[in-house]
Amino acid sequence: NVTGVQTCALPISPFSDIERARGQLLLPHVSRAVGAMLKLRDSEMKAAASLAMLDQLKSGVALLDDAGRVIAVNSAARNALEDEDGLRLTALPGASSRARLAADSPALQARLNEAIRGAVQPDITSAAHFSHSLAVVRPSQRAPYVLQFSSLPASNEFGSGADTPRAIVFITDPSAPLVIDQSLLRTAYGLTPAEIRAAEALASGLSVEEVAKMRGVQVSTVRSQLKQIYAKTGVDTRARFVKLMHALAAG
């Protein structure tokens, strides 16, 4: 005993031929089970990561199964649907985890159902990038939602097995405030914090007078800031300024 630790040798009984034969029969099944478990786990992790990424989008997104039922929505879609401003989710009896997109009027509901059918059961002879687009009028009188429907392949990163979605719906709210990437305005164009606030307000469609009233400053102050914004960003018209702001919008 070199290390000073008492050791003893345990007798090793060799496997019998029957035990070895049983092991050889069992091993492939264990191997396949472990392999399937790892693949399923990998698939679930990828799906979870992909669904989490949808929450980073500014536009609403809903995923539909092969029956046109909603499997999942991102944060933006959830907020829009919870407003129930012309578009909402309707729970399905006996399917607690599934729901359907619902519109206010029967005519609009029929068009919505048609668009969903075209996305989950596409006509392979006339496939398009987006199978259908639809404007949903809102009781609040705000700009209608714009829905775009697109089919997904039978195997995709958003789910696996029975939870694999077959179509994706993009829900755009034109009335949502424009979120400008302030860091770009500051680092690329050298706008001051006051000019950035003015640029955001003006890009949202407010007039110079409205921006001045909202911010509690003189109209001449906003006009001066707008002049500086134009000079720093290299634009010379309101239309080009708005186009630039939309191009720099976050998300």
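The following refers to the structure shown. (Residues numbered from 1 in each chain as written. Predicted model: local features only at pLDDT ≥ 70, side-chain atom pairs only at ≥ 80, totals over all residues. Heavy atoms only, no water.)

### Side note on the overall build of the chain
For the chain, the helix and strand inventory stands at eight helices and seven strands. Taken across its 251 residues, the chain has 29% of its residues classed as buried. Summed over all atoms, the accessible surface of the chain reaches about 15900 Å², with 58% contributed by carbon and sulfur. (Helix = DSSP H or I, 4+ residues; strand = E, 2+ residues; numbered from the N terminus. Buried < 20%, exposed > 50% of the residue type's maximum accessible area, 1.4 Å probe, protein only. Areas by Shrake-Rupley, 256 points an atom, 1.4 Å probe, with all protein chains shown as cover.)

### Regarding the packing of aromatic side chains
Summed over the entire model, instances satisfying the criterion amount to one aromatic pair. With 5.9 Å between their ring centres and 45° between their planes, Y230 and F241 make a pair best called tilted. Residue Y230 is found in helix α7 (residues 219-233), and its partner F241 is found in helix α8 (residues 238-247); the two are separated by eleven residues along the sequence. Here R138 stacks its cationic end above the ring of Y145, 4.0 Å away from the centre of that ring. (Phe/Tyr/Trp six-rings, centres within 6.5 Å; stacked < 30°, edge-to-face > 60°. Lys NZ or Arg CZ within 6 Å of the ring centre and 35° of its normal.)

### Here's the deal with unusual backbone geometry
In the Ramachandran plot, E84 falls in the positive-phi region, its phi being about 50° despite a non-glycine side chain. Mapped onto the fold, E84 is located in the loop between α2 (75-83) and β3 (87-92). The class of E84 is exposed, set by a relative accessible area of 52%. Of note in this structure, Q141 is not a glycine but carries a positive phi near 75°. Here Q141 shows up in the loop between β5 (132-136) and β6 (145-151).

### Digging into the packing of helix α5 (residues 193-203) against α8
Direction vectors running N to C along α5 and α8 enclose 105°, while the axes themselves pass 10 Å from each other. With respect to α8, the axis of α5 lies roughly perpendicular. Taken together, the residues of α8 that come into contact with α5 (itself represented by A199, L202 and A203) are R238, F241, V242, M245 and H246. (Axes fitted to C-alpha atoms, helices over the stretch in contact; angles between N-to-C directions. Parallel < 35°, antiparallel > 145°, perpendicular 65-115°, else oblique. Contact = heavy atoms within 4.5 Å.)

### Things to note about α8
In an α-helix, one full turn covers 3.6 residues, which means residues spaced three or four apart are oriented alike. Turning to α8, its buried residues are F241, L244 and M245. End-on view of α8: buried residues confined to an arc of 100°, all on one side of the axis. Looking at α8, the residues exposed on the side facing more than 90 degrees away from the buried face are A239, R240, K243 and A247. Packed against the buried residues of α8 are α4 (182-187), α5 and α7. (Arc of directions from axis to C-beta.)

### As for the nonpolar core
In terms of nonpolar packing, the biggest core is built from 24 residues, with L87, L112, L147, F149 and V169 touching the most fellow members. Secondary-structure elements contributing two or more residues to this core are β1 (60-64), β2 (70-73), α2, β4 (95-103), α3 (106-120), β5, β6 and β7 (167-172). At six residues, α3 tops the list of elements feeding residues into this core. Sequence-distant contacts of L112, defined by excluding residues within four places in its chain, comprise L87, L101, A102, A103, L134, L147 and F149. Grouped together as the second largest cluster of nonpolar side chains are 21 residues, I196, A198, V208 and A212 included. (Core = buried A, V, L, I, M, F, W, Y, C linked by side-chain atoms within 4.5 Å.)

### As for the side chain of N74
If you trace the backbone, N74 turns up in the loop between β2 and α2. Using a relative accessible area of 1% as the deciding quantity, one classes N74 as buried. At 2.8 Å, the side chain of N74 and the backbone nitrogen of V61 are in polar contact. (Polar contact = N/O pair within 3.5 Å; in protein donor to acceptor, adjacent residues only side chain to side chain.)

### A word on the packing of α5 against helix α6 (residues 208-215)
Where α5 meets α6, the axes come as close as 10 Å, and the angle between the chain directions of the two elements is 125°. Between α5 and α6, the angle is such that the two are oblique. Where α5 crosses over α6, the two elements pack in a sense that is right-handed. Listed contacts from α6 to A194, R197, A198, A201 and L202 of α5 are V208, V211, M214 and R215. The residue makeup of the contact of α5 with α6, split by class, is seven nonpolar, no polar and two charged. (Left-handed = near helix turned anticlockwise from the far one by under 90°. Nonpolar A, V, L, I, M, F, W, Y, C, P; charged D, E, K, R; others polar.)

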